[in-house]
Amino acid sequence: MTNPVNKVNADIPVLGRLLQVMMDLVMAHGGQVHPGVRLVARDGQLAVHCNRSMCDDGLPLFRLPRELLIPVDSIQWSSHDDRLQATSGLEPLTAVQRELLAVHVDLYNASNKLPWAAKHLPVVALRSHVPLVDAIQAIRPGFGREAHEAAWTFIRTRVFNLDGKRVLMPLMDLLNHHPKGGRFQVDASSMTMAVAQTGDDDECFAAYGGRRDVLDMALHYGYADSRTPYACVAPLACGLPGLGRLQITSRRVQALHPLDPPQITYDDAGVTLSHLTCDRRHPGRLHTVLRLALLGLAKKRGQGGDGAGRAVRAAAGQILEDNLALLQDVARLAGPLIRDVPAAAMLSEAVSLQAGILRDVLQPAAGDSSQGR
């Protein structure tokens, strides 16, 4: 597709040249770019805009043949003088994939992404603060289990899992996140991104968080996302009057239904849920799921629905109390680091946002499971 009106708008000439090279490579090798696209670089931040007056034509924002997606699992990464380097493992890449990878690396370095990652990604910036790491692991047990340097930790924030293999996505990588952004659509031949604009300006977004909650976004991507509606309940166990034990693990399963139902397991001790997710937009959903699980437990105990209703109220209150206590531990330990460690300040903000969603969902209905779904 010829595209003479594509534009690049950059405050640093080298960024503008690199963005133009990336776009030219994509289009020269069968990719499509919407005619209204403008690639923007400002203060080291990269974004994609599209002229609103040209966005009603049904054309995708980007279409990338699969051959232009860059597999990274074989690549070894390192850093030198705060610059990202791909040191080995390039043999599986095609010639055009190597060209595009080189542009990606140069673009990241020109926009100082690695120094940013070292200061803002918690798994790198906070790993020496053991008590804080332990407090985070009480909420997210997998956090920090694998020690990676800043280079690979940063690359992990840019990749897409395609058929079990991680790939970099030329041009699509420039899209910022928004929960109402476009979704990555993949078929046998290509990856496509639709035009998705969520505000009054021309910026386009991708939704790359899935059901990641505030804390997940902070720990993985290094920023506090005030727009996500999700807060996942931390792993915990609490007693249910007359019913036994409720246990919630951190074993997330793929959401195949809007209620995001957990896997439910009953045993002599009580009931175990694989996960539990608060959605600020639909607070009643959590209580519906919780009530169904506890109704099943009540029946196994030979009790009626009234017992399950009381148990839901008690469980909601205990879940909220336990989660707020865990988040407060993180905030308390991060507090002394806020002035000197950007990741600690960001994490403190994320903890506050996470607590707000938990309160909104669990507090009002610690009594009422009849809220709107």
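Scoring rules and cut-offs
- Residues numbered from 1 in each chain as written.
- Predicted model: local features only at pLDDT ≥ 70, side-chain atom pairs only at ≥ 80, totals over all residues.
- Heavy atoms only, no water.
- Helix = DSSP H or I, 4+ residues; strand = E, 2+ residues; numbered from the N terminus.
- Expected span 1.5 Å × (residues − 1).
- Buried < 20%, exposed > 50% of the residue type's maximum accessible area, 1.4 Å probe, protein only.
- Pairing = 2+ DSSP bridges.
- 1 Å grid on protein atoms, 1.4 Å probe; cavity = no way out; pocket = protein on both sides within 12 Å on 5 of 7 lines; lining within 4 Å.
- Points joined across faces, edges and corners; volume = space filled by probe spheres on them.

### A look at helix α8 (residues 283-300)
With 18 residues, α8 ought to run about 26 Å at 1.5 Å a step, and its terminal C-alpha atoms sit 27 Å apart, in line with that. Counting buried positions along α8 yields 13 of 18 residues, so the element is predominantly enclosed. After α8 finishes, the residue Gly 302 shows a positive phi value of roughly 75°.

### Focus on the pairing of strand β7 (residues 76-80)
Two strands pair when backbone bridges link them, and β7 and strand β8 (residues 83-88) are joined in this way by five bridges, in the antiparallel orientation. When the sheet's bridge partners are listed, Ser 78 is paired in β8 with Gln 85. Counted along the chain from β7 to the antiparallel partner β8, the turn is two residues long, and its residue Asp 81 has a positive phi close to 55°.

### A closer look at the layout of surface pockets
Reported here for the second largest pocket is a volume of approximately 260 Å³. Residue lining of the second largest pocket: 17 residues in total, with Pro 179, Lys 180, Pro 229, Tyr 230 and Arg 281 positioned closest to the centre. Sort the elements by how many residues they give to the lining of the second largest pocket and strand β11 (residues 176-182) lands first, with four residues.

### Examining the sheet that holds strand β9 (residues 160-162)
Spatially, three strands are ordered β6-β10-β9 in an open sheet, and the strand pairing comes out antiparallel. Since the sheet does not close on itself, it has two edges, and those belong to β6 (70-71) and β9, each with one partner.

### Structural notes on unusual backbone geometry
Positive phi, normally seen in glycine, also occurs at Asp 81, with a value near 55°. Among the secondary structure elements, Asp 81 is positioned in the loop between β7 and β8. Given a relative accessible area of 62%, Asp 81 falls into the exposed group. Not every positive phi belongs to a glycine, and Leu 171 is a case in point at roughly 70°. Mapping Leu 171 onto the fold places it in the loop between β10 (165-168) and β11.

In short, shape yes, function no, at least from these values alone.
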